[in-house]
Amino acid sequence: MGQEITVTQLRRWLLAYAARIIENEDHLTELDTAIGDADHGVNMRRGMGKLQERLQDEEQTEDIGSFLRSVAMTLISGVGGAAGPLYGTFFLRAATSPTNGSSVDLAQLTQMFRFGLDGLQQRGKAQTDDKTMIDTIQPAVEAMEAALATQQSTAVVLAAARQAAHLGMKHTIEIEARKGRASYLGPHSIGHQDPGATSAYFLFETAAEVFTKTGAD
Ligand code: ADP
Ligand code: MG
């Protein structure tokens, strides 16, 4: 439980996330072509390009709150679509969670994700099973909270988050969309994986990779 996650590690995480999204641009486009307007890949890639610029030329130390707020503003202005303001709200609200200034412990990291999720839900009004990014993020946050409650290590907590996020993402294939553009398709949305649930999965996949590397500072 002792491991602290620093701003430097958060920056590494989001750079890994940006790279993963850029690698998966075509995949996200295909998913949004099936049940949306085919722009999720392009929207996310554009935002991730802005995020890379923002993170690369940022070397001075800053506190976690300002760092997350700046990430949020970059996503709101860079991503666009429905997803930009939603991801932006996630990070804006995450920025209001308690930290130790330039680091968070595992409990604070979990709470940071919880604040983000609650903000996202207030903004988008989606619940689980509406076939959105909430279907990935909510089970992941709940898995982190459950693992944390039994005093698990960072690696175990983040592995649980990644696994729950993956199951949630895959579950969106089975269900009908009730929020966002895909909801216009009604039952025809069944059988397709939600694009936003997919881009959100990569947040947890890269967090599990980056925050559990041994020797990370
Ligand atoms: P747009 O729908 O404007 O084209 P994007 O294609 O970038 O925007 O993003 C679509 C994704 O946004 C969906 O796959 C879904 O996961 C997410 N989404 C849409 N509406 C909501 C909502 N109300 N709450 C949470 N996520 C949502
Ligand atoms: Mg779209």
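In the block above lies the structure referred to throughout.
Now for a look at the structure at hand. Everything numeric here is computed off the predicted structure, so don't read it as measured data.

**Re unusual backbone geometry**
In this model, Lys125 sits at a positive phi of 60 degrees, which is unusual for a non-glycine residue. Mapped onto the fold, Lys125 is located in the loop between helix 6 (106-124) and helix 7 (134-149). Positive phi is not limited to glycine here, since Gln151 has a value of about 60 degrees. Mapped onto the secondary structure, Gln151 falls in the loop between helix 7 and helix 8 (154-171).

**Notes on the layout of surface pockets**
By volume, the largest pocket amounts to about 570 Å³. As for the largest pocket, its lining consists of 27 residues, of which Ala82, Ala83, Leu86, Gly180 and Arg181 are closest to the centre. For the lining of the largest pocket, the elements supplying multiple residues, two or more each, are helix 2 (25-35), helix 3 (40-56), helix 5 (83-94), helix 6 and helix 9 (195-211). The residue makeup of the lining of the largest pocket, split by class, is 11 nonpolar, 8 polar and 8 charged.

**Concerning the site of ligand 1**
Contacts to ligand 1 come from 20 residues, most closely from His40, Ala82, Gly124, Asp194 and Gly196. Taking Asn43, its side chain carries an N or O atom lying 3.0 Å from an oxygen atom of ligand 1. Within the backbone of Gly124, one N or O atom sits 2.8 Å away from a nitrogen atom of ligand 1. Surface burial for ligand 1 is 91%, taken as the share of its 570 Å² of free accessible area covered by protein chains. Under a 2 Å grid-point criterion requiring more than half of the atoms, the pocket assigned to ligand 1 is the largest pocket. Only helix 3, helix 5 and helix 9 provide two or more residues apiece to the shell around ligand 1. Of the residues belonging to the shell around ligand 1, the class tally is 7 nonpolar, 7 polar and 6 charged.

Calculation notes
By convention here, each chain's residues receive numbers from 1 onward along its written sequence. Labels follow written order: the first chain is A, the first ligand is 1, and so on. It should be noted that, the model being predicted, local features are given only for residues of pLDDT at least 70 and side-chain atom pairs only at 80 or more, the latter also being counted only at that level, while totals for whole chains, interfaces and linings use all residues. As a convention, hydrogens and water are excluded, and side-chain values are obtained from all of the structure's heavy atoms. Each helix is a run of H or I in the DSSP string that is no shorter than four residues. Each strand is a run of E no shorter than two, and both are numbered from the N terminus. Both site types are read off a 1 Å grid over the protein atoms alone. A 1.4 Å probe that fits but cannot get out defines a cavity, while an open set with protein on both sides within 12 Å along at least five of seven lines defines a pocket; lining residues have an atom within 4 Å of a point. Grid points are joined across faces, edges and corners, and a volume is the space filled by probe spheres set on the points. Ten residue types, Ala, Val, Leu, Ile, Met, Phe, Trp, Tyr, Cys and Pro, are classed as nonpolar, four, Asp, Glu, Lys and Arg, as charged, and the remainder, Gly among them, as polar. For this description, a residue counts as near a given molecule or strand if any of its non-hydrogen atoms is within 4 Å of it. Any pair of nitrogen or oxygen atoms within 3.5 Å is treated as a polar contact; in protein, a donor-acceptor pairing is required on top of that, and neighbouring residues in sequence qualify only through side-chain atoms on both sides. Using a 1.4 Å probe, the Shrake-Rupley method yields the accessible areas, and only the shown protein chains count as cover for residues. Cavity and pocket membership follows a simple rule, namely that a molecule belongs there if more than half of its atoms are within 2 Å of the grid points.

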